[in-house]
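# Descriptive analysis of the structure
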Amino acid sequence: MKKFAILIILLTFSLSVFTQKLVPKPTPKVLTEQEQKILSQKFQAVSMVTKTAEEATFWEDKKAAVEALADAADLLWDENANQSAKWLTKGWKMIDEVSESPKDAKMSEFFNRSDKSSLQSVVLKVAYKRDTQLAEKFIKELTDKEPNEKKDKGAFDDKSARSEQLLSLALQSVESNPNLAFSLAQRSLADGISFNFQNVLTELRKKDVNLANRLFDMALVQLAATDEAQILGGYLFKAGFTFATNSSGGMILTVNPAQQNLPPVAQTEPNRAGNFLKAAYQLFFSRPILLDTPEGKLQAQSISVLSNSIFSQYQTYAPELVQPVRNFLADLQKQLNPNGQNQLGEKYESLSNLSKDATKKQMYDALIDDLEKKADNETNPIAKKLAYIRAALNTNPEDYKRGKNIAGKIDDENLQEDVISFVLYRAALHFVSEKEIETAEELAPQIKETLRRSVIKIAVAQALLQPKKDKKVEKAQLDLEKQRAYVLLNDVQRELQNEDVSLNSIKTSLGATTILAKFDKTQALNLLEQTVQMINKAGKFNLKDNAAPQLGIDLSKTSSATVDAPRIGFGFNNAVENLIETDFEQVASIVERLSVKELRGIGRIETARLFFQKNKTLLAQISK
Amino acid sequence: MKRTHFISLLILAFALNNFSQVRKENTNSSLENAKIKITLLDLPGTNLEKSKWELAYEIRIITDKELFAAMTNGKLDLDADHKIGEFVAKNSIVKTSLANKENREVILTIPLDQKIRAKLVADLENLTQFNAVKDKVTPELLSARQMKTQSFIMYGNILVYDAKLKKNIIVSFDWVLPFTRFSHLPGVNFEMTFEIKEDGDFSKKVVLPARTGNSKTITVKQ
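Quick caveat: nothing in here was measured; it's all calculated off a predicted structure.

## Focus: the packing of aromatic side chains
- What the rule picks out here adds up to 15 aromatic pairs over all chains.
- Measuring from ring centre to ring centre gives 4.5 Å for W92 of chain A and F138 of chain A, while their planes differ by 15°; the resulting arrangement is stacked. Of this pair, W92 of chain A sits in helix α4 (residues 81-94) while F138 of chain A sits in helix α6 (residues 132-145), and the two are 46 residues apart along the sequence. As far as burial versus exposure is concerned, W92 of chain A and F138 of chain A are alike and both buried.
- Through successive ring pairs, a cluster of aromatic residues spans F284, F285, Y314 and F328 of chain A.
- A cation over a ring is seen here: K204 of chain B above W175 of chain B, with NZ or CZ 6.0 Å from the ring centre.

Written out as structure tokens, the structure reads:
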């Protein structure tokens, strides 16, 4: 009986095997040489990411570790979701070990964002993209852990840690999923109207006007404070601009350049604008204010700042309230400034003597004259130098000769050289952006400071290599321009070898690599290797920072913001981007030479990320 | 009558007691001048020839009342158009060869004219009187004392060129130096120190002598 059973089983098995043989199997596709190469590179990329994620948990730099774990999880989620979720959860827990102090104490009056909150955004972004339930779990933990109101808030900080993360996620998802962005922003209103709410509203409106209107209406219902009114007012009347009051009652402003040229929402939503202005009147411009305490004074100043930014809108959208608001504001100004006088006349003689129909050019000339005179008359020697710097910086970039003349009056060799070099640098970048390449090239040798001169050469090289709109340009001319670009970049490489290593010199070197990689990959790899040595010497560098070098004047923090920075990308990613497809192994090998383990790990992940991005289509085809 | 006389005597005794204290301070030669020691403790390019520092300052006198009003109005700043208080002195100094420690130190001697000395004496007198009754102090007394309190205010900039960092660094300050701490440090009345760090950041510190005992240090880090 037992034998019979075994026989039946064997028969069944052999039949089954036979049947399988009868079904024609799809012929496995023979991979091409290129596909085999890509597949092998993919294994290398996956291994680079996995190795980094495993090492990251032991890094001393917890910030870098969290970023690496989140990036690794995102990159390999499709390969191994379980492992990626574990990395992400590990990263989320590790955030507790990161400092909560503001990133930049000097900016704490404006923004008080800590590394901790930025890392929460990084992890939540991946979680929302890959596993919504996991993301909701993280948000809940955050709400349970953090107090509702943020302490030591900067003027442009969000209301709470929760609202900060919800709005950050909303901004990230608005492009791909406006409904999700709406829902996240709506949830943020539980803690009040936060600074980033304005950004979300503006971005949401680009995708879905109705959703943006609904969100605005919800916010208007709970409008309670002047800072909240500034956010809704900015959205309605001046996209990208938000005004606020600093701790001493002065007006401060933040601008989002990506939104500043959008048409005012109020033009297409006059009723909403009217409703907002009425609400602002009832809440802020119709109630008596007592100025006998510092708090009362600060509140009065913030109302004054709000009124200055929205008063002109009453004429168009709520004309019936113009007079009452005007009366209220006149009283408020009298209280705030009992000895009110025109200070412009004292400080700016030429400017205040101009006729009302003066041209823009006349106003500019008068302003510079006044600033220069003020510097001439200053008796304090340091204040005098600062006043000349201020006057020189206020000249227009193309008016560099005037700026240079003013800077020439600075009675300090180092300072004078720094300011003149900066004025020429700013002018040369302006001329590059205006396609006046020859003028920029003429100015470059006059710039004594190496890094500024190098950035000009990189910008000129980039301009020379731009595809020409005029297709009739002869090949000989194109070759000549390529040759000029090569010479310029070669100069940069040589000069950087003699320069002290700094954050800016590393960025400049990466910028030169980015341009060089477009037409001479061997030389670009060579420069990349030189840059890695510079990074090793510096011991620290943010491989993810693509911003242009900050080459402003030492004594003017805002000077670098007045520069028309070249749109090149001065980060590691930019430098490597044009090398990945052709020289993946070499780049991976150069990255291994980064001596700081955290930097090496981040370098690996960034290289792998670019590999996956560049070969997305091919990898999808192979996996099919 | 007897009672009134007794109180008058008490007041006279109290005043004489305090007057003698103030007179003692007044005869002290330190009252003829205010001495402020400023030290650049360290900078990365100390030993490099091109490194240098420059100090430009202005000293004024203000009452606490003015100071409070300026602080709440946001007017306490280094802008020449906003400077508050009564002018006392201003000057500037440039020092090079910083490897030599002496060139990283400067003692400012600010001559105090009769008017300022009288203010100083009046403030010290007022403090002594206040201290005598401080166990029975009322909010009104405290407020009156605060309104009479006077201070030096020192506006200034230190401009450093560090040849190692190849960088110009400016350190601005507006320090309030209370009259009441004026005569408690031997040799100098107030002391300030500055330091430039390897990354180009800086620290600044003013050392205010305590009323009694050890000096109290207030550190301001930017």
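## Side note on the confidence of the model for chain A
Residue and element names in this part refer to chain A.
- When pLDDT is averaged along chain A, the result is 86; 88% of the residues meet or exceed 70.
- Within the model, pLDDT remains below 50 along residues 7-22, and this stretch shows zero contacts once partners closer than five positions in the same chain are excluded.
- Contacts from residues 341-346, a stretch scored under 50 in pLDDT, to residues over four places away or in other chains number three contacts.

## Topic: the nonpolar core
- L88, F197, L232, F276, F285 and Y314 of chain A are the most contacted members of the largest nonpolar core, which has 182 residues in total.
- With 12 residues, the top contributor of residues to this core is helix α20 (residues 413-433) of chain A.
- Excluding anything up to four places from it in sequence, L232 of chain A contacts I193, F197, L201, F216, A219, L220, L223 and F276 of chain A.
- Membership of the second largest hydrophobic core comes to 36 residues, among which are L43, I110, F173 and F190 of chain B.

## Considering the pairing of strand β6 (residues 167-178) of chain B
Residues and elements named next belong to chain B.
- Here strand β5 (residues 150-162) runs beside β6; their pairing, made up of 12 bridges, is antiparallel. Following the sheet pairing, G156 is matched in β6 by F173.
- Remark: four residues form the turn of the hairpin made by β5 and β6, two consecutive strands paired antiparallel; K166 in that turn has positive phi of roughly 55°.

## Describing the environment of A64 of chain A
- Here A64 of chain A shows up in helix α3 (residues 62-76).
- Beyond its immediate chain neighbours, meaning those up to four positions away, A64 of chain A contacts W59, E598 and I602 of chain A.

## Quick word on the pattern of salt bridges
All names here are of chain A.
- Under the defined criterion, the tally for this structure stands at 41 salt bridges over all chains.
- With a closest N to O distance of 3.3 Å, R130 and D78 form a salt bridge. Taken together, the residues span a long stretch of sequence, with R130 in helix α5 (residues 115-130) and D78 in the loop between α3 and α4 at a distance of 52 residues.
- When its relative accessible area of 25% is taken as the criterion, R130 is described as partly exposed.
- The class for D78 is exposed, based on a relative accessible area of 66%.
- For E269, the salt bridge goes to R272, with nearest N and O atoms at 2.9 Å. Note on accessibility: E269 and R272 belong to one class, buried.
- In the salt-bridge network here, residues are joined through shared partners; they are D71, K544, E606 and R609.

Calculation rules
Residues numbered from 1 in each chain as written. Chains lettered and ligands numbered in written order. Predicted model: local features only at pLDDT ≥ 70, side-chain atom pairs only at ≥ 80, totals over all residues. Heavy atoms only, no water. Phe/Tyr/Trp six-rings, centres within 6.5 Å; stacked < 30°, edge-to-face > 60°. Helix = DSSP H or I, 4+ residues; strand = E, 2+ residues; numbered from the N terminus. Buried < 20%, exposed > 50% of the residue type's maximum accessible area, 1.4 Å probe, protein only. Lys NZ or Arg CZ within 6 Å of the ring centre and 35° of its normal. pLDDT = per-residue confidence, 0-100. Contact = heavy atoms within 4.5 Å. Core = buried A, V, L, I, M, F, W, Y, C linked by side-chain atoms within 4.5 Å. Pairing = 2+ DSSP bridges. Salt bridge = Lys/Arg side-chain N within 4 Å of Asp/Glu carboxyl O.

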